[in-house]
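Spelled out from the first residue to the last, the chains are:
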Amino acid sequence: MLCNWGPHTAFQILQDKGAEIPPEVKMIRIPCTGRISKSLLFKAFEMGADGVALVGCEPGACRYGSGTAAARENTQDMREILGLLGLGKERLRLATFLPDDSEPLLQFLKDFCSDIQSLGKSPLALGKATKPEAESRELLSDIISSHDVYACQDCGKCSSTCPLALSGKDFSPRALAGSIIAGDLDSSYVKEDIWACLTCGLCYDRCPSGINFPEFIRDARQFFKKAGVDGREAHGGFFQSLMRAMSSPKLKTERWTWLPDNIKLDHKSKVLFFGGCAPFFDIFFRHHLSVQTSNIIVDSLRLLNFFDIKPALLKDERCCGHDLLWSGDQENFLRLARFNVDLIHSLGIEEVVTSCPECYRTLKHDYINYGLELKFKVTHIYDLLEKEIDKGAVSFKKIDKRLTFQDPCRLSRLEQKADLPRMLIKRLKGDRFQEMQDSGAAAICCGNSAWTGCDSFSKALQVKRLRQAHATGSDLLITACPKCQIHLKCAMEDPFLGDELSMEMMDLTSLLAKTICWE
């Protein structure tokens, strides 16, 4: 990718001279390297590139001022992500040149192509892009019937409890369901709102007919995706691209090189800890949100070690597939699911422990619901901790903070485990825990699910939730899902409301790990 200004002039000089530019070079002319986001950089690999060179202006020569700095930041982040992914940092490189640097540019291109040839072909082997299928009214009818959407009584309880509708968005679960039943599939309303739904489950919780609206939306998204209707994917669809990449069988991820040395593991253990995608989140958002969701993984392992459990890890762990499934990509979800299950079975694992609510839901239910047979049980770490702590001889250091709790939708509502984190919170030495106005099964979502549909109404929802947290008089917001941290932290970055919304956050797993002790 070649900047339109200085580097492009240098490249033109090479062309005019008839220089021997490596034939592997496929030049893409861009307005500025700073405009090439992390999602665009990764998209090149997803489309089959073996290596990507981002060629921009020398620092101080960028016509847009900050382009070179932005390019350096994005490239650095993406190189680390490629390293974790197992693709290799060296497949992505940033270089800067002045207009008269034609010979240095040529040498760079030759060296880069030589290095990529030595690395070999990219291990990404994604399935062929599926062509949009003709809309199958039969398939849609099956989806509607399987979730008994025809039983909708048009009572409006779903709309009156929907967080998006209450935040001011012109959105109604019953209206969307009615439009789909009526076959109004081409309206902008349906095509927009099928991706706007948070799938948080509040409507399902209140529906007198028991219609599982979140799962209906999930399956309807699959139908629309097959019909060629693009999803409203946040962050340029980066995370969906990343997860599709993880479905490549030849990929060898490098997931655990960053773990502290004092974590005790046993590759022969029958208990496996499944970490999830937090390390990728932290790199992607670190310059904007400074999130540290990888701490949840480390603290989960510390807690397991505390109870003398030395778990195994999947050396080649991939994403569980949650976000692909819930954004309509069932094909690649199943590729990931089969890979994960086969790998876990090959290790003779009897129990998989995870601290991520989405991983828990996906591993425990969705794999089975989509036809995979599991020879292991799936346990959320809160269940394991409550069982171990209940045996006695465990105490907690005093917490000198006022606490409140943000419920994760997948655990508290869809799994009906709202009491579980509260049982653990009550064990902490802190007598100043205060529930928010909406809590437990009635809790408000953090504003986004599966990296789809993020908009101003999602932000309004996050602002409302943080104001509810402040209204409790608390100074520590306990979370239980990495994405809750990310989305609420995003709202705290608001340039106008940031000071009002800012609040310390910590995952419950981390809070337990930092305060637990033997009596």
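Sequence order sets the numbering: in each chain, residues are counted from 1 along the sequence as written. Note on the predicted model: pLDDT of at least 70 is required for a residue's local features to be given, and 80 or more for side-chain atom pairs to be given and counted; whole-chain, interface and lining totals, by contrast, use all residues. As a rule here, side-chain values come from all non-hydrogen atoms in the structure, and water together with hydrogens is ignored.

### Examining the overall build of the protein
Elements are defined by DSSP. Helices are runs of H or I of four residues or more, strands are runs of E of two residues or more, and each kind is numbered from the N terminus. Within the protein, the regular secondary structure consists of 24 helices and 13 strands. Taking 24 Å as the expected radius of gyration for a compact globule of 519 residues, we find that the protein reaches 25 Å, a close match to that expectation. Structurally, the protein occupies a C-alpha span of about 75 × 60 × 50 Å along its principal axes. A separation of at least 24 residues holds for 81% of the contacts in the protein among residues at least 6 apart in sequence. In short, Shrake-Rupley with a 1.4 Å probe defines the accessible areas, and a residue's cover is counted only from the protein chains shown. When the accessible surface of the protein is totalled, it reaches about 22100 Å², and 49% of it is carbon and sulfur. Only four residue types enter the charge count: Lys and Arg as positive, Asp and Glu as negative, with His and the chain ends excluded. Charged side chains are reduced to one point each, which is NZ for Lys, CZ for Arg, CG for Asp and CD for Glu. The centroid of the 66 positive side-chain charges in the protein is displaced by 2 Å from the centroid of its 68 negative side-chain charges. Between the two quantities, the radius of gyration covers C-alpha atoms and the globule rule is 2.2 Å times the number of residues to the power 0.38. It only takes one pair of heavy atoms within 4.5 Å for two residues to be counted as in contact.

### With respect to the packing of aromatic side chains
Both the distance between ring centres and the angle between the ring planes are used here to describe each pair of aromatic rings. Working definition: a ring pair exists when centres of Phe, Tyr or Trp rings (six-membered ring for Trp) sit within 6.5 Å. Plane angles under 30 degrees give stacked, over 60 give edge-to-face, the rest tilted. Applying the stated criterion to the full structure yields 20 aromatic pairs. Judged by centre distance (4.5 Å) and plane angle (15 degrees), the ring pair of phenylalanine 306 and tryptophan 518 falls under stacked. Placement of the pair is phenylalanine 306 in helix α14 (residues 294-306) and tryptophan 518 in strand β13 (residues 516-518), with a sequence separation of 212 residues. According to the relative accessible area criterion, phenylalanine 306 is buried, its value standing at 17%. Within the aromatic cluster, the residues linked to one another by ring pairs are Phe42, Phe238, Phe239, Phe281, Phe284, Phe285 and Trp451. Throughout, exposure labels follow a simple rule: accessible area from a 1.4 Å probe, protein chains only, divided by the maximum for the residue type, with under 20% read as buried, over 50% as exposed, and the rest as partly exposed.

### Things to note about the pattern of salt bridges
Here a salt bridge means any side-chain nitrogen of Lys or Arg lying within 4 Å of a carboxyl oxygen belonging to Asp or Glu. Counted according to the given criterion, the structure contains 35 salt bridges. Arginine 93 is paired through a salt bridge with glutamate 90; the nearest N and O atoms lie 3.1 Å apart. Each of Glu215, Arg218, Asp219, Arg361 and Asp366 takes part in one network of salt bridges that share partners.

### A few points about the environment of aspartate 475
Within the secondary structure, aspartate 475 is located in the loop between α21 (456-471) and β11 (476-479). As a C-alpha pair, aspartate 475 and glutamate 504 span 29 residues in sequence and 6.4 Å in three-dimensional space. The contact partners of aspartate 475, leaving out residues within four places of it in the chain, are Lys401, Arg402, Met503 and Glu504. We define a polar contact as two N or O atoms separated by no more than 3.5 Å, with the added condition that, inside protein, one atom must be a possible hydrogen donor and the other a possible acceptor, whereas residues neighbouring each other in sequence contribute only through side-chain atom pairs. From its side chain, aspartate 475 meets the backbone nitrogen of arginine 402 in a polar contact 2.9 Å long.

### Details of the nonpolar core
Of all hydrophobic cores here, the largest spans 102 residues; its most connected members are Phe239, Leu242, Phe285, Tyr367 and Leu385. Not counting chain neighbours up to four residues away, the residues in contact with phenylalanine 239 comprise Phe281, Phe284, Phe285 and Trp451. Nonpolar cores are built from buried Ala, Val, Leu, Ile, Met, Phe, Trp, Tyr and Cys residues. Side-chain atoms within 4.5 Å join them into one set.

### Concerning unusual backbone geometry
Although it is not a glycine, aspartate 154 adopts a positive phi angle of roughly 55 degrees. If you trace the backbone, aspartate 154 turns up in the loop between α5 (137-146) and α6 (157-161). Positive phi outside glycine occurs at threonine 199, with the angle close to 50 degrees. Along the chain, threonine 199 falls in the loop between α9 (188-196) and α10 (202-206). The buried category is assigned to threonine 199, whose relative accessible area is 2%.

### Things to note about helix α20 (residues 419-427)
Of the positions making up α20, those classed as buried are Leu420, Pro421, Arg422, Leu424 and Ile425. On the buried face of α20, the contacting elements are α18 (381-389), β10 (403-405), β11 and α24 (508-515).

### A closer look at the sheet that holds strand β6 (residues 312-313)
We call two strands paired when DSSP finds no fewer than two bridges between them. Spatially, β6-β5-β7-β8 is the arrangement adopted by the 4 strands of the open sheet, whose pairing is parallel. A strand with exactly one partner marks an edge of an open sheet, and here the two such strands are β6 and β8 (377-380). Where strand β5 (residues 271-274) lies against strand β7 (residues 351-354), 4 bridges are found, and the strand directions are parallel. Residue phenylalanine 274 lies in a different strand from β7, and its bridge partner there is threonine 354. Under this scheme, a helix contributes an axis fitted over its contacting stretch, all axes are lines through C-alpha atoms, and angles between N-to-C directions fall in the 0 to 180 degree range. Where helix α17 (residues 357-369) meets the sheet, it contacts β5, β7 and β8, and its direction lies at approximately 160 degrees from that of β8.

### Considering the domain arrangement of the protein
As used throughout, domain bounds are those supplied by an automatic or database domain assignment. What the domain assignment reports for the protein is domain 1 (2-119), domain 2 (137-226), domain 3 (235-387) and domain 4 (391-518). Between domain 1 and domain 2, the C-alpha centre-to-centre distance is 44 Å.

### Considerations on the sheet that holds β10
The strand order across the open sheet formed by 3 strands is β10-β11-β12, and the pairing between neighbours is parallel. Each edge of the open sheet is held by one strand with a lone partner, namely β10 and β12 (504-507). The mean inter-strand angle of the sheet, taken between neighbouring strand axes irrespective of direction, is 30 degrees. Relative to β12, β11 runs parallel, the two sharing 4 bridges. Paired with leucine 477 across the bridge in β12 is methionine 505.

### Observations regarding the pairing of strand β3 (residues 52-57)
Along β3, 6 of the 6 residues are buried, which leaves the element largely enclosed by surrounding structure. Here β3 pairs with strand β4 (residues 92-97) via 6 bridges, running parallel. Each residue of the ladder has a partner; that of cysteine 57, found in β4, is phenylalanine 97. Handedness of a crossover: with both strands directed away from the viewer, a clockwise path from the first strand across the helix to the second marks it as right-handed. Each parallel crossover has a hand, and the one from β3 via helix α3 (residues 67-85) to β4 is right-handed.

### A word on the packing of helix α8 (residues 173-181) against helix α11 (residues 213-226)
Between α8 and α11, the least distance of the axes is 12 Å, while the angle of their chain directions is 45 degrees. Taken as axis vectors, α8 and α11 run oblique relative to one another. Crossing angle aside, the handedness with which α8 passes α11 is left-handed. Taken together, the residues of α11 that come into contact with α8 (itself represented by Pro173, Leu176, Ala177 and Ile180) are Phe213, Phe216, Ile217 and Phe224. Ten residue types, Ala, Val, Leu, Ile, Met, Phe, Trp, Tyr, Cys and Pro, are classed as nonpolar, four, Asp, Glu, Lys and Arg, as charged, and the remainder, Gly among them, as polar. Counted by class, the contact of α8 with α11 contains 8 nonpolar, no polar and no charged residues. Angle categories: roughly parallel below 35 degrees, roughly antiparallel above 145, roughly perpendicular from 65 to 115, and oblique for all the rest. Left-handed describes a crossing whose near helix is turned anticlockwise from the far helix through less than a right angle; right-handed describes the clockwise counterpart.

### Considerations on the packing of helix α16 (residues 330-346) against α17
Two elements in contact, α16 and α17, have axes separated by 11 Å at closest approach and are oriented at 110 degrees. It follows from the interaxial angle that α16 and α17 lie roughly perpendicular. Contacts between α16 and α17 involve Phe333, Leu336, Ala337, Asn340 and Val341 from the former and Thr362, Asp366 and Tyr367 from the latter.

### Examining the environment of serine 37
Along the chain, serine 37 turns up in the loop between β2 (29-30) and α2 (38-46). For the pair serine 37 and histidine 235, spaced 198 residues apart in sequence, the C-alpha separation works out to 9.0 Å.

### What to know about α18
One turn of an α-helix holds 3.6 residues; hence residues three or four places apart share an orientation. The element α18 is extensively covered by neighbouring structure, given that 7 of its 9 residues are classed as buried. Restricting attention to buried positions, one finds in α18 the residues Ile381, Tyr382, Leu384, Leu385, Glu386, Glu388 and Ile389.

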